[in-house]
Amino acid sequence: MSISGPLPPNIDAQHPTPVAVFVHVHYPDVWQDIARQLAERFDAPFRLIVTSAVAGFSPGIPPTPFHLETIFVPTENRGRDIRPFLLALRRMGKFEIGLKLHTKKSTHRLDGGTWRDDILASLVSKTPPPSAFVRAFATQPALGILAPSGFLLPVREWLLTNLPRMRKVSETLASPLSRKDLAQGSFAAGSMFWFRQDALSDFVNPALLELFESEKGQTDGTVAHAIERLFGTLAARRGYAILPANMVSILISMPPHGRAEDLDQLKPTEDVSPLFRRSMPARLAATHAPLVLRLYGMLPISLRRMLRTALSGK
């Protein structure tokens, strides 16, 4: 289903290529807030592609002259926001710059709403406005992804239980992960970000759609969590940089850089939201999670029970 909105005069001359805004709606009440922010803050023309598995849901038209079209794609409730996004990427066809959003609540976390609010404040803002994000991509040809400020995390420290499925996804794409990928990769936590279409071109492979598990309320270790961590890694393999959104003004003001390595040198060393700050022991444990899990699995059952009891404090 496609719905068109009014087009202001001369908008094509001002912004020749509209932004493709992808939104997966699992919570319609949150969608109302996102639609309001798009209407109030977007100052560049955009095409909206909405996916949802909610019965009877209809996205409507954000009340803004910058909205050009809404494409609605009903999906099954599988693969969280990631599988619907891959479907929408294939449906949208050719575009240059995209913005990926979803109605995140993370009901298993007390800070789930804070995540979403912080991300939206970073990606859909009045300062800098969306048009500045578009200019940043136009100015810097090596820019592939702009992650929410404070949500750009190192893959190595946040592998958790996702490495086996990350390997499965990369092997499906005939692009096995290397040690360098795991050591140097970064990703946008929460899976919302601005991106260049070519940076994510690997993910239109239809074979990926068959990898996703059925929805069972999983909080980690799924193909969706794996692909969340691979967006930036595979974009880097294609020669693109992934940077935080608070660098937009810098990227616009500086001369063009054709190499991702040059842009990566500008990345702040410590720019992590308090939501993700960990003590050094916790960071070491996360970094070496695969080894720790293997060693844990080798322990006698009685010793594993003792460790669980000790760690839980019961």
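Above this text is the structure in question.
Nothing here was measured: the structure is a model prediction, and the numbers come from that model. (Residues numbered from 1 in each chain as written. Predicted model: local features only at pLDDT ≥ 70, side-chain atom pairs only at ≥ 80, totals over all residues. Heavy atoms only, no water.)

In this section: unusual backbone geometry. Keep in mind that most residues, glycine aside, have a negative phi and that most peptide bonds are trans. The omega torsion of the bond from Thr127 to Pro128 falls at -5°, within 30 degrees of zero and hence cis. Turning to its location among the elements, Pro128 is positioned in the loop between α4 (112-123) and α5 (130-139). Of note in this structure, Ala174 is not a glycine but carries a positive phi near 55°. Counting through the fold element by element, Ala174 comes out in the loop between α6 (163-172) and α7 (179-184). Positive phi, close to 50°, is recorded for Ser191, a residue that is not glycine. For Ser191, the position within the fold is in the loop between β8 (186-188) and β9 (193-196). (Helix = DSSP H or I, 4+ residues; strand = E, 2+ residues; numbered from the N terminus.)

This part is about the packing of aromatic side chains. Within this structure, the stated rule accounts for 13 aromatic pairs. Consider the rings of Phe42 and Phe46, whose centres lie 4.8 Å apart with planes at 55°: the pair is tilted. Pair check on accessibility: Phe42 and Phe46 agree, each one buried. With centroids separated by 5.9 Å and ring planes inclined at 85°, the aromatic side chains of Phe95 and Phe195 adopt a geometry described as edge-to-face. Within this pair, whereas Phe95 is found in the loop between α3 (82-92) and β5 (97-102), its partner Phe195 is found in strand β9, the two being separated by 100 residues in sequence. Pair check on accessibility: Phe95 and Phe195 agree, each one buried. (Phe/Tyr/Trp six-rings, centres within 6.5 Å; stacked < 30°, edge-to-face > 60°. Buried < 20%, exposed > 50% of the residue type's maximum accessible area, 1.4 Å probe, protein only.)

Here we come to empty space enclosed by the protein. Summed over the entire model, instances satisfying the criterion amount to two cavities of 30 Å³ or more. Size it by volume and the largest cavity reaches roughly 60 Å³. Lining the largest cavity we find Gly79, Arg80, Glu213, Ser214, Glu215, Gln218, Thr222 and Ala224. Across the lining of the largest cavity, the residue classes break down as one nonpolar, four polar and three charged. Approximately 50 Å³ is the volume attributed to the second largest cavity. Lining the second largest cavity are Phe22, Val23, His24, Ile49, Thr51, Asp81, Phe85, Ala88, Lys100 and Leu101. When contributions to the lining of the second largest cavity are tallied by element, the ones reaching two or more residues are β2 (19-25), β3 (46-52), α3 and β5. Broken down by element, the lining of the second largest cavity gets its largest block of residues, three residues, from β2. (1 Å grid on protein atoms, 1.4 Å probe; cavity = no way out; pocket = protein on both sides within 12 Å on 5 of 7 lines; lining within 4 Å. Points joined across faces, edges and corners; volume = space filled by probe spheres on them. Nonpolar A, V, L, I, M, F, W, Y, C, P; charged D, E, K, R; others polar.)

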